[in-house]
Amino acid sequence: MAGKGAAPGTAVLLVTANVGSLFDDPENLQKNWLREFYQVVHTHKPHFMALHCQEFGGKNYEASMSHVDKFVKELLSSDAMKEYNRARVYLDENFKSQEHFTALGSFYFLHESLKNIYQFDFKAKKYKKVTGKEIYSDTLESTPMLEKEKFPQDYFPECKWSRKGFVRTRWCVADCAFDLVNIHLFHDASNLVAWETSPSVYSGIRHKALGYVLDRIIDQRFENVSYFVFGDFNFRLDSKSVVETLCTKATMQTVRAADTNEVVKLIFRESDNDRKVMLQLEKKLFDYFNQEVFRDNNGTALLEFDKELSVFKDRLYELDISFPPSYPYSEDSGQGRQYMNTRCPAWCDRVLMSPSARELILKSESEEKVVTYDHIGPNVCMGDHKPVFLAFRIAPGAGKPHAHVHKCCVVQ
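Residues numbered from 1 in each chain as written. Predicted model: local features only at pLDDT ≥ 70, side-chain atom pairs only at ≥ 80, totals over all residues. Heavy atoms only, no water.

Per an unreviewed UniProt entry, the recorded name for the chain is inositol-polyphosphate 5-phosphatase, and the organism is Odobenus rosmarus divergens. One UniProt comment on the chain, placed under Sequence similarities (unreviewed entry), says "Belongs to the inositol 1,4,5-trisphosphate 5-phosphatase type I family." (UniProt positions renumbered as here; feature names shortened; annotations may be inferred.)

Following this line, the structure appears as structure tokens:
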């Protein structure tokens, strides 16, 4: 039996992080963000690590280019990562190409102790051994080591220039093949529109886009393997149900624009208690009087309103959530636990997996906890999103039934 310091299997760490804030205020946010990220790496000591970033480069992309280079350099050369002697970095930096640009950044790190790691070449349909550190940027369309797509414009017509899409890579680690998909789904454009129906119109758009991705990664072009899909799904709580629950005893006042008669604000007041305002709702305002409801017991009382994944219950699996909503946190570097009053807090950032990927995860035979699903930096400002991670071990021999399939198609 392996000692405590050497649990069996290959340790894997999957992290998703919407990092837009880091490039809009790098001086105040990047140092803390990296420190917290390195702490998770140090704690879980993965052999194989994937970091999926969304909104890489921030909202003012052209102005942030120098910050991008510095951030990448720091990740690849820091002391905390010195034992990771191989890396692959894929950055979608071609913001001038509106029909292709996704602002996704995918980082993969391999520990020096890990032998024989292969990455799939989608063009040659062969696995290739991973050596050295390589960075690919600008036009990822010509890189055969990944598949990248931006969602069609007609999925979300009210957003003139969306950057939403996905990037897929395939790996063979410990004779075990799996796809890793970096994904960014559509947001809620207006709290007022989200509140109108249950499920919301935005929920339907995300459902369509995620279904498209899942169909794409199990189509017949390549052998089907286990897959992990992790990124910013922008999943929101069912707004109508949440508001009705939070404001059960409230009366609603509707405020309309004088010129168009369009609803611009909803005000929910307590029926008694001096008609105290409980909630104010505008297009980009969700101002609830008691934020503690989203933090108490990690907000788990609100998980019943997190319904968007249920549509995919036969295709995607998720471990139990035991961390507070990952978005929208204050971007004030001194406010690590405070939510912004722009949206109803929700679990936007997730790590999901196929049913077969779930089987790969090593079930602990000891007291030792070997699977962890959590967020990073609970008390530190990490930007408007807290990164979310899944740490687990691939059991020795988990991929053995398919080992011959992968080894015979390896290009050294």
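Draft legend 1. The arrangement of the overall build of the chain in detail. The secondary structure content of the chain amounts to nine helices and 19 strands. In terms of C-alpha radius of gyration, the chain reaches 22 Å, essentially the compact-globule figure of 22 Å for 412 residues. For the chain, the residues scored as buried account for 57% of the 412 residues in total. Restricting to contacts in the chain with at least 6 residues of sequence separation, those with at least 24 account for 70%. Summing over all exposed atoms, the chain offers an accessible surface of approximately 18,300 Å²; the carbon and sulfur share of this is 49%. In the chain, 53 side chains carry a positive charge and 56 a negative one; their mean positions are 4 Å apart. (Helix = DSSP H or I, 4+ residues; strand = E, 2+ residues; numbered from the N terminus. Rg over C-alpha atoms; globule rule 2.2 N^0.38 Å. Buried < 20%, exposed > 50% of the residue type's maximum accessible area, 1.4 Å probe, protein only. Contact = heavy atoms within 4.5 Å. Areas by Shrake-Rupley, 256 points an atom, 1.4 Å probe, with all protein chains shown as cover. Lys, Arg positive; Asp, Glu negative; His and termini not counted. Charge placed at Lys NZ, Arg CZ, Asp CG, Glu CD.)

Draft legend 2. Representation of the sheet that holds strand β15 (residues 285-288) within the structure. Spatial ordering of the open sheet is given by β12-β13-β14-β15, a layout of four strands whose pairing is antiparallel. If you trace the sheet from one side to the other, it starts and ends with β12 (250-256) and β15, each paired once. Averaged over all pairs of adjacent strands, the angle between strand axes in this sheet comes to 15°, irrespective of strand direction. Relative to strand β14 (residues 277-282), strand β13 (residues 263-270) is paired through four bridges, and the arrangement is antiparallel. The residue bridging Leu 266 from the neighbouring strand is Leu 281, located in β14. Contacts from helix α6 (residues 239-246) reach β13, β14 and β15, with the element oriented near 25° to β15. (Pairing = 2+ DSSP bridges. Axes fitted to C-alpha atoms, helices over the stretch in contact; angles between N-to-C directions.)

Draft legend 3. Looking closely at the packing of aromatic side chains. What the rule picks out here adds up to 32 aromatic pairs. Taking 6.4 Å as the distance between ring centres and 65° as the angle between the ring planes, the aromatic pair formed by Trp 195 and Phe 268 counts as edge-to-face. Placement of the pair is Trp 195 in helix α4 (residues 191-196) and Phe 268 in strand β13, with a sequence separation of 73 residues. By the burial criterion, Trp 195 is buried, and Phe 268 matches it. Among the aromatic residues, ring-to-ring pairing joins Phe 23, Trp 33, Phe 37, Tyr 38, Phe 56, Phe 71, Phe 107 and Phe 109 into one connected group. In this structure, Lys 240 packs its charged tip against the face of Trp 195, placed 4.2 Å from the ring centre. (Phe/Tyr/Trp six-rings, centres within 6.5 Å; stacked < 30°, edge-to-face > 60°. Lys NZ or Arg CZ within 6 Å of the ring centre and 35° of its normal.)

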